[in-house]
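# A look at the structure
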Amino acid sequence: MTARKSGSRLETEIERCRSEGQWDKIPELVRQLSAKLISNDDLGELLLGECKLQTYLKENPIKQGASPRGPRPKLVEVRKHLTAALDRGNLKADYLQEASLLMAKLCYVEGEYNDALGHYSRVNLDDMQLVGAPVYRLSMIAEAYATKGLCLEKVPAASPSLSNKNTGSPSSNKSTTDREQEIITCYEKSGDIALLYLQEAEKALSAGIQNRSPKPGPTAQDLELGYFLETGMQRAHVIHFKNGNLTRGVGRFREILRAVETRTTQSLRMTIARQLAEILLRGMCEQSYWSPLEDPPSVSPLDDPTRQGHTHSKNYSLSRRPRVYSGENLFCPQENTEEALLLLLISESMANRDAVLSRIPEHNNDRIISLQSASVVYDLLTIALGRRGQYEMLSECLERAMKFAFEEFHLWYQLALSLMAAGKSARAVKVLKECIRLKPDDPTIPLLAVKLCIGPLHWLDEGECFGKMVIDMGEKAAEFRAKGYLAIGLVYSLKATDASLRSTQEDYQRKALGAFQRAQSLSPTDHLAAFYLALQLAVSRQIPEALGYVRQALQLQGDDVHSLHLLALLLSAQKHYHDALNIIEMALSEYPENFNLLYTKVKLESMCRGPEEALLTCKHMLQIWKSFYNLTNPSDSGRGSSLLDRAIADRRQLNAMTLPDFSDPETGSVHATSIAASRVEQALSEVASSLQSSAPKHGPLHPWMTLAQIWLHAAEVYIGMSKPAEASACTQEAANLFPTSHNVLYMRGQIAELRGNMDEAKRWYEEALSINPTHVKTMQRLGLILHQLQRYSLSEKVLRDAVQVNSTAHDVWNSLGEVLQAQGNAAAATECFLTALELEASSPILPFTIIPRAL
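This structure is a prediction, so every number in the text was calculated from the model and none was measured.

### Thoughts on the overall build of the protein chain
- Across its full length, the protein chain carries 37 helices and zero strands.
- Within the span of the protein chain, comprising 855 residues, buried residues form 54% of the whole.
- Counted over contacts in the protein chain with a minimum sequence separation of 6, partners at least 24 positions apart contribute 66%.

Spelled out as structure tokens, the structure:
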């Protein structure tokens, strides 16, 4: 009885060591077993043969795609042990099967593929029980199916070999398709049973660690897949894809990924998840997608049409399958990008968790592999999120990649581009500085930084430094030097616009002209160089020269919207208003949703065709805004452009209009103010342009700012028609969006003037200047009111300040002349009037600076 108990304990320990792969302990356990239970000598032979075979494979791993033929001296003892166990016939049926499986595995290692298939036919793999089988036996069965598949691939199709009764033999009378199906079935069974084995092994190992003594023992990470198990899990989908059967390949990927995860399969799962995501992104469209919970389609556009009749379907069942994730309210993707994104986010979390960050030489190879694996995941995330425009999320993902990114240009550059696309311009510039440090000879990186500094950030000093970097590269950046001069010219041009002193403005304008001329000489075929040179000449009021260069830009790029717009403004500066309107209408036929062009059209129509036509264009802009942005106005009070309808109806008797009537001007203002309060900071920066400007100097318009400007343009038309009530209602609509906008306050001052209330107008103008002290039109109107109030000295000061801000504003010069004349300074007044006349002769319908200046 004692011996039996001792044997039972020994067998349990042996079984545990076999399950956990602790082959170094097996010889001692076999010695103890042989001493106590004499009848189990054959079991000892089996165990020693297995132990020596597994140790050999661990020391001499099989390389993928290579299996040298011929016996190896170290395997002679393995064959001796296994032959002894099989020939004596004293083993129980289960152990006899195990000995045959090990002998078949040995035959494969030695390159005897037919012999291996012969052993598998005698064992009859499909009859081996999975239910109740020890953990280690699950591993042996999984390896056996994988080895059998490898042998079938190695043995020529016409070679006679044995197979079990369920799968038949790969003899000459079997078709190639049936043979392929048999091979795939072997690999799929191997993969399923391998997953089951790893799940059971991890569960048993965890339970064993909890029940054993607290001294350190093997952990779950010690389990290794090995060549045969890894082949069984990966070979099936490789064959599917090789045969053009993407449907079954994707299905196999999903089956593996749905299995409950183990620590041993984490690396493999990350690889499979990444590969499946790549297939979903690059090889599958929404029309060919099917849900992971549905059966794959029998006929799919994914599959090779020449092999539609040879696609393989899963035609086997197992008595025991690996556990899969299940439960209520589990997330299931509905389309290919969604599934790809889910897979990539899982892969990203695994890559971050397993990152090798150590810089010591011993870990160098592991760190490179870890970086490469993570980089592939982040590149695919860029594709998946970029398709959806989810740049905010992409930048957050790439920020998590920064732990890998020491001295790695690719990840830094990807982060910079994602931050740019997400609108995080300030952070993008800082990241681009690091990219410049890593690649100091690449001119495109500082050019990207200039683009941000000139555009949304308006960091002109930093932009100048980046532009000079490109120029200073010399011949190393020969083809980009023109862009560098273009960038520097834009910086100087914007600095000239911002400068408060006329001498400073003129100095920057000269520098800008020089830079643009240099860019144009370096790249005479670049329409942007000619265009910006024309624009700078126009700002400097050199109208004939500007016309020559803008025509040159249009010859190079005939459909450039900004060149067409500049041509129209130049024609208006020469007082050819009808020609300018024709150019604008031609440009609008190509760019019907360009608000810049539409604002200019309103001004030209007011002058050429009357205010009613201009109001129709304002109404058209409101309709475009609604369809273009697909947003709801915060002051959505059910009123709107009926204001415009009322004026048009006065002339055209239009009785039925699409938008409701404008009744109570206060309706909806509380809700608008609450929303506007949250936008005040952004609004204050975006409303920096003049009323006529279609865009702020510093960056693109916010949609609500665009809407507010439409209403203010309409209000200006009404003021020109001497209709203060309608102008006030339009201004209120803009005020509901941006109550602290200096443009709104300026318009209210004009309405008060129209009503003859000078004190109220003065108060509105003063409030507007408290928000934007350099708004020239407000300064000009306030100066005139102070003149009417006979406060000549203060009026002169305000107007002289306005001239310093914008020395080309002819109406300011004219107003200053009136003030000086009233003070009895006739000579100075005459000089101001002459300057005003000269400037008015070259004054466009709207300022040239409404055209955006961006790289």
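Don't stop here, the text continues.
### Comments concerning a nonpolar patch on the surface
- Together, Phe331, Leu342 and Ile346 give the surface a local cluster of nonpolar side chains, amounting to about 270 Å² of exposed area.
- Counting through the fold element by element, Ile346 comes out in helix H12 (residues 336–353).

### Describing the nonpolar core
- Within the largest apolar cluster, 222 residues are counted, with the highest numbers of intra-cluster contacts made by Tyr378, Leu566, Leu570 and Phe848.
- With 12 residues, the single largest contributor to this core is helix H30 (residues 703–720).
- The residues contacting Leu570, other than those within four sequence positions of it, are Ala538, Ile543, Ala546, Leu547, Val550 and Phe848.
- Ala768, Leu769, Val776 and Ala802 belong to the second largest nonpolar core, which has 29 residues in total.

### Focus: the packing of helix H3 (residues 41–59) against helix H4 (residues 76–88)
- At a closest axis distance of 8 Å, the pairing of H3 and H4 adopts a crossing angle of 150°. Regarding the angle of H3 to H4, the classification is roughly antiparallel. In the crossing of H3 with H4, the sense of the turn from one axis to the other is left-handed. Here Asp41, Asp42, Glu45, Leu46, Leu48, Gly49, Lys52 and Leu53 of H3 lie close against H4, whose contacting residues are Glu77, Val78, His81, Leu82, Ala84, Ala85 and Arg88.
- Looking at the contact of H3 with H4 residue by residue, the classes come out as seven nonpolar, two polar and six charged.

### Re unusual backbone geometry
- Non-glycine residue Asn124 carries a positive phi angle of around 60°.
- Assignment of secondary structure puts Asn124 in the loop between helix H6 (113–123) and helix H7 (135–154).
- Residue Glu407 is not a glycine yet carries a positive backbone phi of 65°.
- Assignment of secondary structure puts Glu407 in the loop between helix H14 (391–400) and helix H15 (409–421).
- Judged by relative accessible area, which is 39%, Glu407 ranks as partly exposed.

### A closer look at the pattern of salt bridges
- On inspection of all chains with the given rule, the structure shows 43 salt bridges.
- Note that Arg248 and Glu188 form a salt bridge whose closest N and O atoms lie 2.6 Å from each other. With a gap of 60 residues between them, Arg248 in helix H10 (residues 246–258) and Glu188 in helix H8 (residues 176–211) connect regions that are remote in the sequence.
- With a relative accessible area of 2%, Glu188 lands in the buried category.
- A salt bridge links Glu399 to Arg427; the nearest nitrogen and oxygen atoms lie 2.7 Å apart.

### Let's talk about the packing of aromatic side chains
- Considering all chains together, one arrives at 11 aromatic pairs under this definition.
- In textbook terms, an aromatic cluster arises when at least three aromatic residues are bridged by ring pairs, as seen for Tyr108, Tyr113, Tyr227 and Phe228.
- A cation sits over an aromatic face here: Arg254 above Trp290, 4.8 Å from the ring centre.
- When the ring centre of Trp764 is taken as origin, the NZ or CZ atom of Arg763, which lies over that ring, is 4.8 Å away.

### Regarding helix H11 (residues 266–282)
- With 17 residues, H11 extends 24 Å between its outermost C-alpha atoms, agreeing within 8% with the 24 Å of an ideal straight helix rising 1.5 Å per residue.
- The buried fraction of H11 amounts to 12 of the 17 residues, a majority that puts the element mostly inside the structure.
- The complete set of buried residues in H11 reads Gln266, Leu268, Arg269, Met270, Ile272, Ala273, Arg274, Leu276, Ala277, Ile279, Leu280 and Leu281.

### Details of the packing of H11 against helix H13 (residues 364–388)
- The N-to-C vectors of H11 and H13 enclose an angle of 30°; their axes lie 11 Å apart at closest approach. In this structure, H11 meets H13 at a crossing whose hand is left-handed. Between H11 and H13, the residues in contact are Met270, Arg274, Glu278, Leu281 and Arg282 and Ser373, Val376, Val377, Leu380, Ile383, Ala384 and Arg387, respectively.

### So, the side chain of Gln199
- Inspection of the secondary structure assignment puts Gln199 in helix H8.
- For Gln199, a relative accessible area of 2% corresponds to the buried category.
- In terms of polar contacts, Gln199 uses its side chain to reach the backbone carbonyl oxygen of Val260, at 3.2 Å.
- The residues touching Gln199, leaving out its near neighbours within four places in the chain, are Ala259, Val260, Thr262, Pro322 and Arg323.

### Description of the environment of Cys608
- Take Cys608: it is sitting in helix H25 (residues 595–608).
- Cys608 sits 27 residues away from Leu581 along the chain, and the two C-alpha atoms are 8.3 Å apart.

### As for helix H33 (residues 758–771)
- Counted at 1.5 Å a residue, the expected span for H33 with its 14 residues is 20 Å, and the 20 Å between its end C-alpha atoms agrees.
- Here H33 has its buried residues at Ala761, Lys762, Trp764, Tyr765, Ala768 and Leu769. One side of H33 holds all its buried residues, which, seen down the axis, span an arc of 165°. Residues of H33 that are exposed and angled more than 90 degrees away from the buried face: Asp759 and Ser770.

### Observations concerning the confidence of the model for the protein chain
- Per-residue pLDDT for the protein chain has a mean of 80; in total, 83% of the residues score no lower than 70.
- Averaged pLDDT values over the elements of the protein chain bottom out at 30 in helix H28 (residues 669–678) and peak at 94 in helix H16 (residues 425–438).
- Considering only residues more than four positions removed or in separate chains, one finds that residues 213–221, a stretch of pLDDT under 50, has 12 contacts.
- Long-range and interchain partners of residues 633–642, a stretch whose pLDDT sits below 50, account for 38 contacts in this model, where long-range means more than four residues apart.

### Focus on the environment of Tyr413
- Structurally, Tyr413 can be placed in helix H15.
- Residues Tyr413 and Leu432, spaced 19 residues apart in sequence, show a C-alpha to C-alpha distance of 7.1 Å.
- Filtering out sequence-adjacent residues up to four positions away, Tyr413 remains in contact with Leu432, Cys435, Thr444, Ile445 and Leu448.

What counts and how
- Along each chain, numbering runs from 1 in the same order as the chain's sequence is written.
- Local features in a predicted model are, by the rule used here, given only for residues with pLDDT of at least 70; side-chain atom pairs are given and counted only at 80 or more, and totals for whole chains, interfaces and linings are based on all residues.
- Excluding hydrogens and water, the side-chain figures rest on all heavy atoms present in the structure.
- The way it works is that DSSP assigns letters per residue, a run of H or I at least four long becomes a helix, a run of E at least two long becomes a strand, and they are numbered from the N terminus.
- Each residue gets one of three labels from its accessible area relative to the maximum for its type: buried under 20%, exposed over 50%, partly exposed in between, using a 1.4 Å probe on protein chains only.
- In what follows, a contact means two residues having at least one pair of non-hydrogen atoms within 4.5 Å.
- Grouping into patches uses exposed residues only, defined as over 30% relative accessible area, and leaves out salt-bridged ones; the cut-off is 9 Å for like charges and 5 Å for nonpolar side chains (Val, Leu, Ile, Met, Phe, Trp, Tyr).
- Using the Shrake-Rupley algorithm and a 1.4 Å probe, accessible areas are obtained, with residue cover drawn only from the displayed protein chains.
- Salt bridges are defined by distance alone: a side-chain nitrogen of Lys or Arg within 4 Å of a carboxyl oxygen of Asp or Glu.
- Nonpolar core, defined: a set of buried Ala, Val, Leu, Ile, Met, Phe, Trp, Tyr and Cys residues in which side-chain atoms within 4.5 Å join the residues together.
- In this analysis, axes come from line fits to C-alpha atoms, helices being fitted only over the stretch in contact, and the angle between any two N-to-C directions falls in the range 0 to 180 degrees.
- Here the angle decides the label: under 35 degrees means roughly parallel, over 145 means roughly antiparallel, 65 to 115 means roughly perpendicular, and every other value means oblique.
- When the near helix sits turned anticlockwise from the far one by under a right angle, the crossing is termed left-handed; a clockwise turn instead gives a right-handed crossing.
- In this classification, the charged set is Asp, Glu, Lys and Arg, the nonpolar set is Ala, Val, Leu, Ile, Met, Phe, Trp, Tyr, Cys and Pro, and all remaining amino acids, among them Gly, are polar.
- Stacked, edge-to-face and tilted are the three classes for Phe, Tyr and Trp ring pairs, Trp counted by its six-membered ring, which pair at centre distances within 6.5 Å; planes under 30 degrees apart are stacked, over 60 edge-to-face, the rest tilted.
- Definition used: whenever NZ (Lys) or CZ (Arg) falls within 6 Å of the ring centre and also within 35 degrees of the ring normal, the charge is taken to sit over that ring.
- What a helix is expected to span follows from its residue count: subtract one and scale by 1.5 Å.
- Distance and chemistry together define a polar contact, namely a pair of N or O atoms within 3.5 Å, with one atom able to donate a hydrogen and the other to accept it when in protein, and with adjacent residues in sequence counting only for side-chain atoms on both sides.
- Starting at the helix axis, one direction is taken to each C-beta atom, and the arc is that of these directions.
- Values of pLDDT, the confidence the predictor places in each residue, fall between 0 and 100.

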